[in-house]
Amino acid sequence: MYFRGGQKSGRTRTFPSPQFPSSPRRPARRAPPNPSGAQAAGGPRADGRTRSEATPRPAQLPGHSRSRAGRSAPPGRSGVAAMAETNLTLLTWAGILCCLIWSGSAQQGGSDCIKANAKSCGECIQAGPNCGWCKKTDFLQEGEPTSARCDDLAALKSKGCPEQDIENPRGSQRVLENREVTNRKIGAAEKLKPEAITQIQPQKLVLQLRVGEPQTFSLKFKRAEDYPIDLYYLMDLSYSMKDDLENVKSLGTALMREMEKITSDFRIGFGSFVEKTVMPYISTTPAKLRNPCTGDQNCTSPFSYKNVLSLTSEGNKFNELVGKQHISGNLDSPEGGFDAIMQVAVCGDQIGWRNVTRLLVFSTDAGFHFAGDGKLGGIVLPNDGKCHLENNMYTMSHYYDYPSIAHLVQKLSENNIQTIFAVTEEFQAVYKELKNLIPKSAVGTLSSNSSNVIQLIIDAYNSLSSEVILENSKLPKGVTISYKSYCKNGVNDTQEDGRKCSNISIGDEVKFEINVTANECPKKGQNETIKIKPLGFTEEVEINLQFICECLCQGEGEPNSPACHDGNGTFECGACRCNEGRIGRLCECSTDEVNSEDMDAYCRRENSTEICSNNGECICGQCVCKKRENTNEVYSGKYCECDNFNCDRSNGLICGGNGICKCRVCECFPNFTGSACDCSLDTTPCMAANGQICNGRGTCECGTCNCTDPKFQGPTCEMCQTCLGVCAEHKDCVQCRAFNKGEKKETCSQECMHFNMTRVESRDKLPQPGQPDPLSHCKEKDVDDCWFYFTYSVNSNGEANVHVVETPECPSGPDIIPIVAGVVAGIVLIGLALLLIWKLLMIIHDRREFAKFEKEKMNAKWDTQENPIYKSPINNFKNPNYGRKAGL
């Protein structure tokens with residue numbers, strides 16, 4: 001039995017009945033129904049199911065139980081140093097946070113192994129693919145349970161378990177049968193038997209599965225040319241198919257000629273169906289049983305299904321037998337085609353199916369009955385899916401109900417039959433819904449008289465053969481499978497679409513990547529077998545699943561070993577597996593003899609009332625320490641009084657990250673000391689540039705300079721805020737010793753003999769930078785305002801060395817004549833420059849005034865021959881009495 005969607009183990013495929021469109025009434029081409037008859041009706045039944053998946057809650061990051069206050073800065077440290085320390089602290093805390101996040105994620109794998117509480121190696125390796133079991137005999141600390149041997153691989157190594165003592169079996173795969181796919185051309189001289197043709201590779205393999213570890217293999221499929229085909233034509237012979245039967249009578253030879261273009265090995269068969277032979281599907285009156293048709297129509301008696309012709313390569317025989325068939329009749333519109341399809345699928349011997357491409361052409365112009373409709377005829381027994389053909393007639397139609405759609409899908413898939421529904425236009429919608437539920441099926445539109453049936457079959461075959469869909473048999477409990485396809489033209493798919501490739505032509509090769517994972521071991525640990533095959537093909541891949549549920553060391557165990565308290569258990573994989581009725585780490589106690597009050601005394605420390613320090617339980621007089629939520633934190637000790645997480649901390653880390661916490665005491669790594677391993681013995685941070693520790697002005701404590709002279713500070717006691725520079729500090733002593741002058745001339749022999757002095761001829765002879773000892777170049781003035789040059793250095797032995805240029809550079813007196821001449825010349829030149837500037841400005845001004853005059857002259861309005869300022873000297877006056885009469 002095969003199932004699609006095999007992602008979950010043990011899931012069977014459920015096919016809900018579709019909501020088919022109501023079948024329209026056809027014209028009265030059928031025999032008239034009996035008035036006493038009733039139309040059979042039935043409703044679809046659907047099986048629903050739900051699935052819930054538990055979502056694991058993420059493990060919480062454990063918090064720290066306590067923190068340690070930071071140390072204060074040493075006295076005398078400057079604000080700059082304090083700021084530097086603050087920045088360093090921030091960076092440290094950032095690093096700690098990253099470490100905590102990493103450790104929280106890293107322990108996820110280990111936590112699954114620890115939480116499995118495995119008592120044996122077999123239980124351990126089933127907890128997860130990254131779990132291992134340490135079989136080293138002395139691996140456990142006192143008080144640790146046997147289950148502590150099971151942990152993440154990296155954790156076991158970090159706890160001191162050698163790699164050769166870690167049991168960690170891995171899965172594998174082995175190909176048993178791997179024949180190459182067949183390369184064969186149509187018309188080839190060689191004739192191969194169907195069983196000699198290979199289209200899928202490999203054919204058989206073994207997978208060894210460990211829980212949680214997937215095994216992946218590749219599957220190749222190639223459509224072979226000239227592959228044999230068996231075609232069975234199943235026809236509805238109700239009255240409405242009368243004219244269709246006439247066209248089908250010559251189908252055999254015509255279809256043979258067309259199929260020869262595809263394959264040289266073709267066989268054809270024929271079968272017919274009508275309806276169940278009970279009321280209300282047919283009329284059971286004697287006359288209607290003899291001839292269900294009305295009038296002068298000569299019809300054969302109604303029947304459920306008849307195998308007219310088993311598969312044969314003789315097309316003429318098909319025409320002959322089909323030509324003898326007669327139409328029959330029934331009362332209701334839907335037909336009993338599902339009964340016929342079931343018998344064609346399961347009666348392989350009678351039909352004559354070979355292990356080749358199997359095609360079933362279902363031809364009808366009506367709907368169909370399915371499971372539940374038989375109740376109308378008093379038939380309640382579900383279809384048993386078995387062959388019931390006697391003399392090529394289905395004899396149990398009155399006894400078994402119609403099969404369900406899911407039942408048909410199962411049987412068609414088991415027998416590798418691809419179905420072609422040749423139906424009329426009015427029932428296309430119904431059968432297209434049915435096609436969606438039946439894998440590797442097609443629907444074609446049949447003309448009213450079936451005249452196009454040959455072309456319909458050819459088109460449907462090409463459509464079906466262009467797609468390959470993989471299916472797997474029922475999976476064992478706890479096994480999942482997934483697919484990834486590599487199809488033509490670079491088309492890749494995963495999940496449900498990863499099962500299939502489309503648009504495949506004959507001779508094309510496609511590949512699939514199949515991933516098989518076991519999520520648990522079978523209860524009995526027995527091997528299982530699953531099969532994968534392409535739908536519609538008989539070839540398959542057989543996969544034998546072998547589950548890794550035990551460790552190799554368990555087979556090497558010593559039963560009744562003396563190491564397990566005088567033979568009370570089996571010593572295997574470094575631990576005792578107690579016989580029934582015995583308990584304890586070494587099986588030293590009997591469950592019948594244990595008295596808790598007596599045994600508890602062995603689990604208390606002196607002068608203490610706490611059993612196992614409240615960190616474990618007393619079993620058989622021995623403390624078995626409890627586990628912490630954080631699997632990296634462990635209780636240990638005879639009384640569980642020790643742990644590895646309650647040591648002093650520095651910078652938020654146990655033992656400052658520089659040691660191991662054992663029984664609440666830090667064991668520091670080399671070069672570290674202190675209760676929290678926070679004191680470094682490394683003097684490198686205290687090394688000054690001159691090679692001295694703390695510049696010779698302090699001691700190195702825990703990697704930090706403690707300056708003995710209060711006026712010096714800094715990481716290496718190199719800074720002195722109140723001190724003079726090296727040059728200014730030694731200027732007077734160099735001056736008195738080299739030139740016998742200066743402020744310390746009188747006390748030179750007492751105050752200035754602390755350095756070695758060497759005279760050189762010139763500045764070029766002074767020591768230059770690049771020598772091992774730190775060097776200072778100095779340029780200072782003496783009491784005569786002369787410059788003298790020297791260098792000051794201190795070697796690795798603490799000796800000061802001074803190199804001084806023996807001749808100071810004194811400035812000469814000023815030359816008066818050039819100065820006076822220069823000043824006079826400067827004044828004259830400045831005066832001449834000022835005169836030239838004034839003259840230039842006056843010339844510019846005059847030119848501007850003249851230009852202005854010329855412009856006003858050109859704009860004058862008077863006659864140029866008349867003087868505009870001339871005024872006549874003659875004045876005319878008129879007597880006002882001139883011309884008056886006398887006496888007036």
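Preceding block: the structure.
We now turn to the structure provided with this report. Since this is a predicted model, take the numbers as computed values, not measurements.

## Focus on the side chain of Ser363
Link 1 in the chain: For Ser363, the location among the structural elements is in strand E12 (residues 357-364).
Link 2 in the chain: What makes Ser363 buried here is its relative accessible area of 0%.
Link 3 in the chain: Of note is the side chain of Ser363, whose polar atom sits 3.3 Å from the side chain of Tyr233.
Link 4 in the chain: Not counting residues within four places of it along the chain, the set of residues in contact with Ser363 comprises Tyr233, Leu234, Met235, Asp236, Met241, Phe273, Ala422, Leu446 and Ser450.

## So, the state of the cysteines
Link 1 in the chain: On inspection of all chains with the given rule, the structure shows 25 disulfides.
Link 2 in the chain: For Cys347, the disulfide goes to Cys387, at an S-S distance of 2.0 Å. Looking down the S-S bond of the Cys347 and Cys387 bridge, the torsion is 115°, so its handedness is right-handed. Highlighted residues: Cys347 in the loop between helix H8 (337-346) and helix H9 (348-351) and Cys387 in the loop between E12 and strand E13 (389-390), separated in sequence by 40 residues.
Link 3 in the chain: Residue Cys655 pairs covalently with Cys666 via a disulfide, S to S 2.0 Å. Judged by the sign of its S-S torsion, about -95°, the cystine formed by Cys655 and Cys666 is left-handed. With Cys655 in the loop between strand E33 (653-654) and strand E34 (659-662) and Cys666 in strand E35 (residues 665-668), the pair connects residues that are eleven residues apart, well separated along the chain.

## A word on a nonpolar patch on the surface
Link 1 in the chain: Taken together, the side chains of Ile816, Ile819, Val820, Val823, Val824, Ile827, Val828, Leu829, Leu832 and Leu835 define a hydrophobic patch exposed on the protein surface, amounting to about 950 Å² of accessible area.
Link 2 in the chain: In this fold, Leu832 is placed in helix H17 (residues 816-858).

## A short note on unusual backbone geometry
Link 1 in the chain: Backbone torsion omega between Gln201 and Pro202 reads 0°, so that peptide bond is classified as cis.
Link 2 in the chain: Looking at where Pro202 falls in the secondary structure, it is placed in the loop between strand E6 (200-201) and strand E7 (204-209).
Link 3 in the chain: Looking along the chain, the bond that leaves Met279 and enters Pro280 is cis, with omega of 5°.
Link 4 in the chain: Secondary-structure assignment places Pro280 in the loop between strand E10 (266-273) and helix H6 (286-290).
Link 5 in the chain: Phi is positive for Cys663, which is not a glycine, with a value near 50°.
Link 6 in the chain: Look at Cys663 and you get partly exposed, because its relative accessible area is 38%.

## Considerations on the environment of Asn392
Link 1 in the chain: Residue position: Asn392 is located in the loop between E13 and strand E14 (393-394).
Link 2 in the chain: Take Asn392: its relative accessible area is 33%, and that puts it in the partly exposed class.
Link 3 in the chain: Note: C-alpha distance between Asn392 and Gln350 (42 residues apart in sequence) is 7.7 Å.

Calculation notes
- Residues numbered from 1 in each chain as written.
- Predicted model: local features only at pLDDT ≥ 70, side-chain atom pairs only at ≥ 80, totals over all residues.
- Heavy atoms only, no water.
- Helix = DSSP H or I, 4+ residues; strand = E, 2+ residues; numbered from the N terminus.
- Buried < 20%, exposed > 50% of the residue type's maximum accessible area, 1.4 Å probe, protein only.
- Polar contact = N/O pair within 3.5 Å; in protein donor to acceptor, adjacent residues only side chain to side chain.
- Contact = heavy atoms within 4.5 Å.
- Disulfide = S-S within 2.5 Å.
- Patch = residues over 30% accessible without salt bridge, like charges linked within 9 Å, V, L, I, M, F, W, Y side chains within 5 Å.
- Areas by Shrake-Rupley, 256 points an atom, 1.4 Å probe, with all protein chains shown as cover.
- Salt bridge = Lys/Arg side-chain N within 4 Å of Asp/Glu carboxyl O.

These figures come from the coordinates and say nothing about function on their own.
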